[in-house]
Each structure stands twice: as structure tokens, then as C-alpha cells.
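Reading the structure
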Amino acid sequence: MMNSFEKGKLLVISGPSGAGKSTVIGRLMELRDDVCFSVSVTTRPPRPGEEDGKDYFFVTPQHFQELAEGGYLLEYAEYVGNRYGTPRGYVEQRQLEGKSVILDIEVQGAGQICRNCPDAVSVFILPPSGAELERRLRHRNTDSDEKIRERLLQAKRECAEAGKYGYIVVNDDPDAAAREVNAILTAEKCRAADRLNLVTEVLIS
Ligand code: ADP
Ligand code: 5GP
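Below, the structure is looked at part by part.

Reading guide: rules and limits
- Residues numbered from 1 in each chain as written.
- Chains lettered and ligands numbered in written order.
- Predicted model: local features only at pLDDT ≥ 70, side-chain atom pairs only at ≥ 80, totals over all residues.
- Heavy atoms only, no water.
- Helix = DSSP H or I, 4+ residues; strand = E, 2+ residues; numbered from the N terminus.
- Buried < 20%, exposed > 50% of the residue type's maximum accessible area, 1.4 Å probe, protein only.
- Contact = heavy atoms within 4.5 Å.
- Near = heavy atom within 4 Å.
- Polar contact = N/O pair within 3.5 Å; in protein donor to acceptor, adjacent residues only side chain to side chain.
- Areas by Shrake-Rupley, 256 points an atom, 1.4 Å probe, with all protein chains shown as cover.
- 1 Å grid on protein atoms, 1.4 Å probe; cavity = no way out; pocket = protein on both sides within 12 Å on 5 of 7 lines; lining within 4 Å.
- Sits in = over half its atoms within 2 Å of the grid points.
- Nonpolar A, V, L, I, M, F, W, Y, C, P; charged D, E, K, R; others polar.
- Patch = residues over 30% accessible without salt bridge, like charges linked within 9 Å, V, L, I, M, F, W, Y side chains within 5 Å.
- Salt bridge = Lys/Arg side-chain N within 4 Å of Asp/Glu carboxyl O.

Right, let's get into the side chain of Glu-188. In this fold, Glu-188 is placed in helix α7 (residues 174–189). By relative accessible area, which is 8% here, Glu-188 ends up buried. Discounting chain neighbours no more than four positions away, the residues touching Glu-188 are Lys-9, Val-121, Tyr-167 and Asp-194.

Shown next, in the form of C-alpha cells:
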């Protein structure tokens with residue numbers, strides 16, 4: 001029985017607001033127990049029902065600035081007037097424990113991660129159509145009309161970046177989308193470059 005340690009992967013999930021990232025991530029986490037979710041820090045105020053420490057760590061702009069300047073964030077970016085960032089310590093610790101860490105982040109942050117960590121796995125979640133994206137945003141009922149218009153404009157800009165990602169998954173049915181992301185992560189964990197140590201074990205045993 002091989003017992004070589006495998007460091008967890010970084011699984012970067014992006015896509016326009018309302019594409020269904022949180023929904024797909026939730027389903028993926030039900031499918032496998034070797035993944036965990038990185039809770040980001042943000043200067044955005046909480047939406048009704050959001051919990052500090054579960055959905056986000058809600059911080060003041062000044063606290064955010066201190067975290068960024070202190071090197072405590074793996075990446076950070078501004079999105080529709082608010083700042084968002086990934087706490088470095090949590091991600092690095094869980095990867096060392098063998099867990100793959102899921103980052104739900106926008107395209108600028110994803111670019112920073114992919115430049116700094118070339119073996120990160122990046123997936124763009126695409127809605128089936130623009131009209132369906134608008135329907136989901138309105139149905140979610142968490143943003144004002146003006147915010148929804150802003151997010152739809154931003155969505156077009158984001159979808160134009162989808163080709164920079166390793167994979168594109170269309171979220172028509174959320175279970176099917178989660179199964180595709182699950183398959184992508186499984187395949188990425190089997191990359192030969194990450195498993196050459198297993199070959200060595202066979203050769204010396
Ligand atoms: P994001 O995290 O990308 O902003 P959410 O996961 O919050 O998106 O989904 C936005 C809204 O669309 C939610 O109300 C969610 O229940 C709904 N939704 C997500 N995936 C689907 C889907 N495949 N079909 C229909 N509605 C969906
Ligand atoms: P929302 O306000 O809808 O929760 O998130 C807005 C956008 O910010 C989404 O595209 C989400 O993926 C992104 N986001 C959330 N956390 C982070 C983060 O830590 N870093 C970056 N770069 N983007 C984030």
C-alpha cells in the first residue's frame with residue numbers, strides 16, 4: 001500500500017456573479033471529503049443571511065489594507081467597488097494537510113494565483129445564457145436594480161476572460177456541473193508530474 005503524501009491542489013473557481021459558483025462548490029463539497037473552502041476577507045457589507053467567518057470575513061477598508069500590506073493575502077482585487085482577498089495562512093496550511101483548497105475568486109485574483117502557482121487548477125463557470133444569468137441574479141434577490149445592472153456589465157467583461165482558464169464548465173444543471181468539476185480535480189490529482197514519487201516507491205520496493 002502506497003502512503004506517499006500528496007499536497008492538496010489549489011482549485012480556482014471564477015465566473016460572473018450569479019453564474020452559480022457557490023451552488024456548484026456546495027455540491028462539489030458533498031461529493032468529496034478531500035476539499036475545503038477558503039473563506040475570503042472582504043470590505044463588502046454582509047448580505048442578509050451571510051455569516052462572518054462562514055461566507056466571508058467582513059473587515060473595514062483599513063483592516064483590509066493592513067492585511068494586504070503585511071503579505072497576509074495570497075491575492076487580492078477590487079470588484080464593483082469593494083475589495084476581496086484570500087487569506088494566505090489557511091490555504092497553505094490546508095494544502096500541507098493534503099486538502100485541495102477551493103478559491104471562489106474573480107478574474108484578476110485568478111490571474112495572480114495562476115501566475116504565482118503554475119500548478120493551480122482553474123475553472124470558469126459559465127451560465128447557459130445572458131438572459132438566464134439575469135434571471136438568477138434577480139431571483140437571488142440580494143442586490144438592488146443598480147447593482148444588478150453593474151454586475152451584468154461586469155459579467156460580460158468577465159466572460160471575455162474565460163479562455164484564460166484551464167477549463168470551462170457550463171452551469172445549466174448544478175449537479176452535472178459539480179460532477180464535471182469533480183472529474184477535473186480528480187484528473188488533475190493524477191498528473192504524472194505530481195506522482196513521480198509513487199513510481200520511485202515501486203522501483204525501490
Ligand atoms: P454565484 O456564487 O456565482 O454568485 P450562486 O450560486 O449564488 O451564484 O447562484 C445564483 C442564483 O442562481 C442562486 O439563487 C442559485 O440558487 C441559482 N442557481 C445556481 N445554479 C443554478 C442552476 N444550474 N439552475 C438554476 N438556478 C441556479
Ligand atoms: P460577491 O460580492 O458576489 O460575494 O463576490 C463578488 C466577486 O468577488 C465574485 O466574483 C467572487 O468570486 C469574488 N471574490 C470573492 N472572494 C474573493 C477573493 O478572495 N479574491 C478575489 N480576487 N475575488 C474574490
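Another point: the site of ligand 1. The full set close to ligand 1 counts 15 residues, and Gly-18, Lys-21, Ser-22, Thr-23 and Asp-172 are the nearest of them. In the model, an oxygen atom of ligand 1 is placed 2.8 Å from a nitrogen or oxygen of the Gly-18 main chain. Within the side chain of Arg-136, a nitrogen or oxygen atom sits 3.3 Å from a nitrogen atom of ligand 1. Across the complex, the protein chains shield 77% of the 560 Å² of accessible surface that ligand 1 would expose by itself. More than half of the atoms belonging to ligand 1 lie within 2 Å of the grid points that define the largest pocket. Elements with a minimum of two residues in the shell around ligand 1: α1 (21–31) and α5 (130–140). The biggest single contributor to the shell around ligand 1 is α5, with four residues. For the shell around ligand 1, the class distribution of residues is three nonpolar, six polar and six charged.

This brings us to the environment of Val-39. When you line up the elements, Val-39 lands in the loop between β2 (35–37) and β3 (40–42). Residue Val-39 is classed as buried on the basis of its relative accessible area, which comes to 14%. If sequence neighbours within four positions are ignored, Val-39 has contacts with Gly-53, Lys-54, Asp-55, Tyr-56, Phe-57 and Pro-87.

Around ligand 2, 17 residues are found, and the nearest of them are Ser-40, Tyr-56, Tyr-84, Asp-104 and Glu-106. In the model, an oxygen atom of ligand 2 is placed 2.6 Å from a nitrogen or oxygen of the Tyr-84 side chain. Residue Ile-105 places a main-chain N or O atom 3.4 Å away from an oxygen atom belonging to ligand 2. For ligand 2, whose unbound accessible area comes to 510 Å², protein coverage reaches 95%. When each cavity is represented as a set of grid points, ligand 2 is found to reside in the largest pocket. For the shell around ligand 2, the secondary-structure elements that each account for two or more residues are β5 (73–79) and β6 (82–87). Here the residues of the shell around ligand 2 are counted per class, giving five nonpolar, five polar and seven charged.

Turning next to a nonpolar patch on the surface. There is a patch of nonpolar side chains on the surface, built from Leu-196, Val-199, Leu-203 and Ile-204 and spanning about 460 Å² of accessible area. Inspection of the secondary structure puts Val-199 in helix α8 (residues 192–204). According to the relative accessible area criterion, Val-199 is partly exposed, its value standing at 44%.

Bringing the pattern of salt bridges into the picture now. In total, this model carries 16 salt bridges according to the counting rule given. Put simply, Asp-34 and Lys-189 hold a salt bridge, and the shortest N to O gap is 3.0 Å. A residue pair is termed long-range when its members are at least 10 positions apart, and Asp-34 in the loop between α1 and β2 and Lys-189 in helix α7 qualify at 155 residues. The exposure class assigned to Lys-189 is buried, which follows from its relative accessible area of 15%.

Just distances and angles here, no functional claims.
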